[in-house]
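Take a look at the letters that make up each chain.
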Amino acid sequence: MCRQAALWQTSPSMPGELALTVIDDADDPRIAAFRDIRERDLTGRQGRFIVEGTVVLRMLAAAHTSGGEFAAESILILENRLTGVSNILSAFPSDVPIYVAKAGVLDAIVGFHLHRGILAVGKRNGEKTLTDTIRQLPASSLVLAGCGISNHDNLGAMFRNAAAFHADAMFLDSTCCDPLYRKSLRVSVGSVLSVPYHRGGDALGMLETLATEGFDIWSLSPAGDTEIRHIPASRRMALVIGTEGDGLPEQVLSRFHTAHIAQSKQLDSLNAATAAGLALYQMAACMERL
């Protein structure tokens, strides 16, 4: 069963009032989108995604209120987490339902013990084309491109690095995993919702389009020709990262500039996300000298 709670009277430290709907039954149809969320990462998402935790919820609130690509459809909160997130919840428009449940009901809904106790369903409102995404970038831009990134932890960490080092966008070929998977979103601490990105197409075509739009393409490889600290600065730069193990395809490495990160010869390569962070830091510093 579900009942509409009275307006939740907040304390002086919690401005305003929140209209809450209390959920007593895990089978209530109103929270169907939250049911068995592990499975929903694999099938039937229809452009929707699951946000988990306080930090990512705050990022969703910012994205929703900015009127950008992402919006919240509904929120599900553990009863005893309300006080700590009231300021975030109050940032959402009043037409976004906020559901509240006790721990046992919440766990039954999602299919496992959810210790964070905070979930939301978001939706991406359409998707720009590759060219449109590029042409909305500033004249001086640093972007990160991923080819074959299939590990959700790596992809989420790459978005976090992109946000940390002021990358203007990320570009992913069709073989990369979806950044809106719950784990990628969580690892990115919500940066997937703040860093513009495009996903689709083949790697070479994506990079050729970036090159046509004035980007110097630097493909990162242990055998790259130029040490990352010595690449020449330019107003538009793209760093390309490949999947761990296989790395970037030869057709990419032979077509564009290649760079490497100086490291111990005892290891053949770095983790993709670590390499992206190190290289983005250096490239951002390089562009600042222009």
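Before reading on, note that the structure itself is shown above.
Keep in mind that this is a model prediction, so the values were computed, not measured.

Undergrad: Honestly, the nonpolar core in this entry has me stumped. Any pointers?
TA: Most often, soluble globular proteins keep nonpolar side chains buried together rather than apart. Counting residues in hydrophobic clusters, the biggest one holds 60 residues, and the most contacted among them are Leu57, Ile75, Leu89, Phe92, Met170, Leu220 and Ile241. Ranked by residue count, the leading element in this core is helix α10 (residues 272-288), at 9 residues. Excluding anything up to four places from it in sequence, leucine 57 contacts Val51, Ile75, Ile88, Leu89, Phe92, Ile118 and Ala120. Counting residues in hydrophobic clusters, the runner-up holds 20 residues, among them Ala203, Leu210, Val240 and Leu253.

Undergrad: So what exactly am I meant to see when it comes to the pattern of salt bridges here?
TA: Inspection of every chain in the model, using the stated rule, returns 12 salt bridges. Within this structure, Glu52, Arg116, Arg182 and Arg186 form a network of salt bridges that share partners.

Undergrad: What's the story with helix α4 (residues 103-110) in this structure? I'm lost.
TA: An α-helical turn contains 3.6 residues, so any two residues separated by three or four positions project in the same direction. Considered for burial, the residues of α4 that qualify are Val105, Leu106, Ile109 and Val110. One face of α4 carries all of its buried residues, which in axial projection span an arc of 120 degrees. Remark: glycine 111 follows α4 within two positions and exhibits a positive phi of approximately 95 degrees.

Undergrad: How do you make sense of the sheet that holds strand β14 (residues 236-242) when you look at a structure like this?
TA: Spatially, 7 strands are ordered β11-β10-β9-β14-β12-β15-β13 in an open sheet, and the strand pairing comes out parallel. Lying at the two open borders of the sheet, with one neighbouring strand each, are β11 (197-199) and β13 (226-227). Contacts from helix α6 (residues 152-164) reach β9 (141-147), β10 (169-172), β11 and β14 within the one sheet, and its direction differs from that of β10 by about 150 degrees. α10 rests against β9, β12 (216-220) and β14 of the sheet, and its axis sits at about 170 degrees to β14.

How each quantity is defined
Residues numbered from 1 in each chain as written. Predicted model: local features only at pLDDT ≥ 70, side-chain atom pairs only at ≥ 80, totals over all residues. Heavy atoms only, no water. Core = buried A, V, L, I, M, F, W, Y, C linked by side-chain atoms within 4.5 Å. Buried < 20%, exposed > 50% of the residue type's maximum accessible area, 1.4 Å probe, protein only. Helix = DSSP H or I, 4+ residues; strand = E, 2+ residues; numbered from the N terminus. Contact = heavy atoms within 4.5 Å. Salt bridge = Lys/Arg side-chain N within 4 Å of Asp/Glu carboxyl O. Arc of directions from axis to C-beta. Pairing = 2+ DSSP bridges. Axes fitted to C-alpha atoms, helices over the stretch in contact; angles between N-to-C directions.

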